[in-house]
Amino acid sequence: MRVEENKSLKNYNTFGIDCTARYFVSVESIEELKQALSEKNSKELFILGGGSNMLLTGDLDAFVIHINLKGIEILKETETEVFVKAMAGENWHAFVQYCIASDFGGLENLALIPGTVGAAPIQNIGAYGVELKDTFVSCNTVEVETLKEREFTKDECAFEYRNSIFKNEAKGKYIITSVTFRLTKKNHKTSVSYGDIQKVLNDKKIETPTIKDISEAVIAIRQSKLPDPKILGNSGSFFKNPVVDAETFQEFRRNFPEAPFYEVSPTEFKIPAGWLIEKAGFKGQRFGDAGVHKNQALVLVNYGKASGKQLWELAMEIQKKVKEMTGIFIEPEVNVF
């Protein structure tokens, strides 16, 4: 384990923002993680995973610990299901691909989401009608202050839409080291009704899709809408889809009857943030090197040399215009530092 000083984080965040960390260490085992935590002393701590769900608006005067724990293990299995543990540093999409190749069902709709396994429970990642909580069993953690290891059950994680205990009362107190999933081995319960999945399957004339078919459809849809961060800096969806109450929804529908929506419950309705941003006129717009992607208004992009501050100013301008026009406030899905 080697601590580096004034380390560039350009290659550690998918926006490609060239900020530096005052201190930086990459840990490859739980023992190294505990050692790093014990050496941080009074320095501010910053935990870094895949760097895909964050926007850096300046240098980090902090002790940055990069979680690089690797490994996938089958804990137990029956004829119908399997419990799989993945270490926190595993690339999320690579882990999904491992499950697909093994014919383990449950994660196929979450293919091509950027980031690491360890970051996934923090915001309860989701896509195309499926959320991480649907297959989540538990996660192992290390408590920052005591270095004690603790397991969190699904109930203890308090999952909500793009939310969990790790974004609230446990924020900054625990570091996730591994996650265990309960997946199916046969009779997979597939979800194809959300978004364009069914259309892609129909176009391919697939009537009884396998989990591989579904994952490939999801990948094709995402690639058609979302830029590759290796080519164009971005963090995927920048904003959450707002969930509004019935009164707000009815008022919104009176003004925008053409707007798409999803009924979460009889009293809650989800409105696509991408539609709101596009309606406000931002889709495909560029402001210097900061911009909104031409194919998906939810995605803010760095065309080369945009600073994190410039991207955040653009995000706030989008929030302001959407609120003025529709009465709905859209919250960032990305963590801003």
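Please refer to the structure placed before this passage.
Let us look at the structure shown here. This structure is a prediction, so every number in the text was calculated from the model and none was measured.

1. Overview of the pairing of strand 5 (residues 60-67)
Part 1 of the reasoning: A large share of strand 5 lies buried, amounting to seven of its eight residues.
Part 2 of the reasoning: In this sheet, strand 5 lies alongside strand 2 (residues 20-27) in parallel orientation, the contact comprising six bridges. Paired with Val25 across the two strands is Ile65, which belongs to strand 5.
Part 3 of the reasoning: Two strands pair when backbone bridges link them, and strand 3 (residues 45-48) and strand 5 are joined in this way by four bridges, in the parallel orientation. What sits directly across from Ile47, in strand 5, is Ile65.

2. What to know about the pattern of salt bridges
Part 1 of the reasoning: Applying the stated criterion across every chain, the model contains 21 salt bridges.
Part 2 of the reasoning: The residue Arg150 makes a salt bridge to Glu156 at a minimum N-O spacing of 3.8 Å.
Part 3 of the reasoning: The partly exposed category is assigned to Arg150, whose relative accessible area is 35%.
Part 4 of the reasoning: A salt bridge links Arg286 to Asp289; the nearest nitrogen and oxygen atoms lie 2.9 Å apart.
Part 5 of the reasoning: Overlapping salt bridges bring together Glu131, Lys133, Asp134, Arg162 and Glu333 as one network.

3. Here we look at the nonpolar core
Part 1 of the reasoning: Counting residues in each nonpolar core, the largest one holds 44 residues, and the members touching the most others are Trp92, Phe95, Leu107, Phe166 and Phe181.
Part 2 of the reasoning: For this core, the secondary-structure elements that each account for two or more residues are strand 7 (81-87), helix 2 (92-101), strand 10 (136-143), strand 12 (174-184), helix 4 (197-203) and helix 5 (211-225).
Part 3 of the reasoning: With six residues, the top contributor of residues to this core is helix 5.
Part 4 of the reasoning: The contact partners of Trp92, leaving out residues within four places of it in the chain, are Leu107, Leu110, Ile113, Gly115, Thr116, Val117, Ala120, Ile125, Leu132 and Phe181.
Part 5 of the reasoning: Residues Phe252, Ile271, Leu298 and Val322 belong to the second largest nonpolar core, which totals 42 residues.

4. Digging into helix 2
Given 3.6 residues per turn, any residue in an α-helix points the same way as the ones three and four places further on.
Part 1 of the reasoning: Looking only at helix 2, the buried set comprises Trp92, His93, Phe95, Val96, Cys99 and Ile100. All buried residues of helix 2 fall inside an arc of 160 degrees around its axis, so they share one side.
Part 2 of the reasoning: Residues of helix 2 that are buried make contact with strand 6 (72-77), strand 7, strand 12 and helix 5.
Part 3 of the reasoning: Where helix 2 begins, one side-chain oxygen reaches toward the backbone nitrogen of His93, 3.0 Å away; that side chain belongs to Asn91.
Part 4 of the reasoning: Positive backbone phi, approximately 60 degrees, marks Asp103, located one or two places after helix 2.

5. Side note on the packing of helix 2 against helix 5
Part 1 of the reasoning: Two elements in contact, helix 2 and helix 5, have axes whose closest approach is 10 Å; the angle formed by their N-to-C orientations is 155 degrees. In terms of their interaxial angle, helix 2 and helix 5 are classed as roughly antiparallel. Note that helix 2 runs across helix 5; the crossing there is left-handed. Taking contact as the criterion, the partners of His93, Gln97 and Ile100 in helix 2 are, on helix 5, Ile211, Lys212, Ser215 and Ile219.
Part 2 of the reasoning: Across the contact of helix 2 with helix 5, the residue classes break down as three nonpolar, three polar and one charged.

The rules behind these values
Residues numbered from 1 in each chain as written. Predicted model: local features only at pLDDT ≥ 70, side-chain atom pairs only at ≥ 80, totals over all residues. Heavy atoms only, no water. Buried < 20%, exposed > 50% of the residue type's maximum accessible area, 1.4 Å probe, protein only. Helix = DSSP H or I, 4+ residues; strand = E, 2+ residues; numbered from the N terminus. Pairing = 2+ DSSP bridges. Salt bridge = Lys/Arg side-chain N within 4 Å of Asp/Glu carboxyl O. Core = buried A, V, L, I, M, F, W, Y, C linked by side-chain atoms within 4.5 Å. Contact = heavy atoms within 4.5 Å. Arc of directions from axis to C-beta. Polar contact = N/O pair within 3.5 Å; in protein donor to acceptor, adjacent residues only side chain to side chain. Axes fitted to C-alpha atoms, helices over the stretch in contact; angles between N-to-C directions. Parallel < 35°, antiparallel > 145°, perpendicular 65-115°, else oblique. Left-handed = near helix turned anticlockwise from the far one by under 90°. Nonpolar A, V, L, I, M, F, W, Y, C, P; charged D, E, K, R; others polar.

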